[in-house]
Amino acid sequence: MTTIAFLGIGLMGGPMAARLAQAGFAVRAWNRSFAKAEALRETGAAPVADLAQAVHGAQVVISMLEAGPVVGEVLTAALPALDPGAIWIDMSSTRHDEALAFHATLRDHGGRFVDAPVSGGVGGAEAGALAIMAGADQGDFDQVLHILEVMGRPQRVGPVGSGQVAKLCNQLIVGATLNVVAEALLLAEAAGADPAAVREAIRGGFAGSRILEVHGQRMLERNFVPGGQVKSQLKDLRNVLAAAGAAGLTLPVAELVTRQYETIEHSLPTADHSAALLALEQINSGLRLGTSEDQLP
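1. Quick notes on the overall build of the protein
Scanning the protein from terminus to terminus reveals 13 helices and 9 strands. Once the C-alpha set of the protein is aligned to its principal axes, its extents read approximately 65 × 45 × 35 Å. Every one of the 297 residues in the protein was classed for burial, and the buried ones make up 51%. Restricting to contacts in the protein with at least 6 residues of sequence separation, those with at least 24 account for 66%. A total accessible area of about 13,000 Å² is found for the protein, and carbon and sulfur atoms account for 55% of it.

This is how it looks when you write it as structure tokens:
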């Protein structure tokens, strides 16, 4: 039986680790706040308070943490207890250069690294339907494919680091589309049409998308309980701009969308990223989509 140390039991990590335990893997669940790991006991996972104990003897380590600096801290702390030859799969969203640095650290220790960020939100994690973008050597990817398939639809997109590039592309499209959907629905409201009916009318055409389907409905309901959070979306968009700068690219839409999210960065950091609607309403004083009360975290 493969032993998996799962590090980071948050909104996404919790259901991902639970699915692995329920699939029959020996899962050790670790989180800096131990109570979150303890909550997974009923799924068959073994909560472990000590990081070194969690990773020692594990053939596979999966990290699902807040950001690259946190991954780096946890990796450094875990490294002395990590078995040489273990595969570390980082499913967090980090910068491309951070993923390459993690790979170099593990390689020097005799370990292997896969960067495999995900998209699909909490619902996708719970359903085992995440899009998983993996950067890895082909042999390493093949070795962990059966594990990744429990959590979603894995696709190798290139060598180590490529997974984070794919995630940045994903988040650029998601962030931009969220803002455009907010603009379309507020335009419908302001111009006298029924926004819910407009959304229904265009769902089957070229404008149809998962964002329009899920987050368009969230905006109509004014449901901003996360899901993906504003602070996470903003972190990813800043990473997009950093990657673009390193590649010598100017991305004007990404720059605009980043500025939009920055207007609610401090007031609504933990709101769902569909709160792009609230950022738009702030610059259109007196206009509001619907009459429902805001549902906020």
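2. With respect to the pattern of salt bridges
Two side chains carrying opposite charge are able to pair once their charged atoms lie near each other. Going through the model one piece at a time under the given rule, you end up with 13 salt bridges. For the salt bridge of E200 with R203, the shortest nitrogen-to-oxygen distance reads 2.7 Å. The exposure class assigned to R203 is partly exposed, which follows from its relative accessible area of 29%. Between R238 and E262 there is a salt bridge, with the nearest N and O atoms lying 3.3 Å from each other. In this pair, R238 is assigned in helix α11 (residues 230-246) and E262 in helix α12 (residues 252-262), connecting sequence segments 24 residues apart. Three or more residues joined by partner-sharing salt bridges are found here, namely R222, E281, R288 and D294.

3. Concerning the environment of D294
Note that D294 resides in the segment after α13 (276-282). Sequence-wise, D294 and A86 are 208 residues apart; in three dimensions their C-alpha atoms are separated by 46 Å. The contact partners of D294, leaving out residues within four places of it in the chain, are R222, F224, L278 and R288.

4. Some words on the side chain of N179
Its place among the elements puts N179 in helix α8 (residues 162-190). Using a relative accessible area of 8% as the deciding quantity, one classes N179 as buried. At 2.9 Å, the side chain of N179 forms a polar contact with the backbone oxygen of G175. Once you skip the residues sitting within four places of it in the chain, N179 turns out to touch V257, Q260, Y261 and A276.

5. So, helix α1 (residues 13-22)
α1 sits mainly inside the fold: 8 of its 10 residues count as buried. Among all positions in α1, only G13, G14, P15, M16, A17, A18, L20 and A21 are buried.

6. A look at the side chain of N31
One can find N31 in the loop between β2 (26-30) and α2 (34-38). Within the local environment of N31, its side chain forms a polar contact with the backbone nitrogen of I9, the two atoms lying 2.8 Å apart. At 3.1 Å, the side chain of N31 forms a polar contact with the backbone oxygen of S33. Aside from chain neighbours lying at most four places away, what touches N31 is G8, I9, K36 and A37.

7. Quick look at the packing of aromatic side chains
Evaluation of the coordinates by the stated rule reveals 1 aromatic pair. On the numbers, 6.2 Å between centres and 70° between planes, the contact of F102 with F113 is edge-to-face. Highlighted residues: F102 in helix α5 (residues 96-109) and F113 in strand β6 (residues 112-115), separated in sequence by 11 residues. Judged by relative accessible area, F113 falls into the buried class, the value being 2%.

8. Re the nonpolar core
Core analysis: the largest hydrophobic core is formed by 36 residues, its most contacted members being F6, M16, L20, I62, I89, M91 and M151. Every element with two or more residues in this core is listed here: β1 (3-7), α1, β2, β4 (60-63), β5 (87-90), α6 (121-127), β8 (130-135) and α7 (138-151). Top contributing element to this core by residue count: α7, with 6 residues. Dropping the residues within four chain positions of it, I89 is found in contact with V60, V61, I62, S63, V114, A116, V144 and L148. L220, V230, Y261 and L289 belong to the second-largest nonpolar core, a separate cluster that totals 27 residues.

9. A look at the pairing of β6
Direction of pairing for β5 relative to β6: parallel, over a ladder of 4 bridges. When the sheet's bridge partners are listed, I89 is paired in β6 with V114.

10. Some words on the environment of V70
Secondary-structure assignment places V70 in helix α4 (residues 68-78). Each C-alpha atom, one on V70 and one on T3, is 23 Å from the other, the two residues being 67 residues apart in sequence.

11. Observations concerning unusual backbone geometry
Residues apart from glycine generally show negative phi values, whereas peptide bonds are mostly found in trans. The linkage connecting P226 with the following residue, G227, adopts the cis geometry, with an omega of 5°. Within the secondary structure, G227 is located in the loop between α10 (210-221) and α11. Non-glycine residue R222 carries a positive phi angle of around 55°. Residue placement: R222 occurs in the loop between α10 and α11.

Thresholds, definitions, all that
Note on numbering: residues in each chain are counted from 1, in written sequence order. Where local features are concerned, this predicted model is filtered to residues with pLDDT of at least 70; where side-chain atom pairs are given and counted, the filter is 80 or more; whole-chain, interface and lining totals use all residues. To obtain the side-chain values, all non-hydrogen atoms of the structure were included, while hydrogens and water were left out. A run of DSSP states H or I qualifies as a helix once it reaches four residues; a run of E qualifies as a strand once it reaches two. Both are numbered from the N-terminal end. Partly exposed residues are those whose accessible area sits between 20% and 50% of the maximum for their type, while under 20% is buried and over 50% is exposed, using a 1.4 Å probe and protein chains only. Contact criterion: two residues are considered in contact whenever any of their non-hydrogen atoms come within 4.5 Å of each other. Using a 1.4 Å probe, accessible areas were evaluated by the Shrake-Rupley method; residue-level cover was limited to the displayed protein chains. In the sections that follow, a salt bridge refers to a side-chain nitrogen of Lys or Arg positioned within 4 Å of a carboxyl oxygen of Asp or Glu. Think of a polar contact as two N or O atoms within 3.5 Å of one another; within protein, one of them needs to be a possible hydrogen donor and the other a possible acceptor, and neighboring residues in sequence only count if both atoms come from side chains. The rule is short: rings of Phe, Tyr and Trp, with Trp giving its six-membered ring, pair when the centres are within 6.5 Å, and they are stacked under 30 degrees, edge-to-face over 60, tilted in between. Side-chain atoms within 4.5 Å are what join buried Ala, Val, Leu, Ile, Met, Phe, Trp, Tyr and Cys residues into a set we call a nonpolar core. Strand pairing follows a simple DSSP-based rule, namely that at least 2 bridges must link the two strands.

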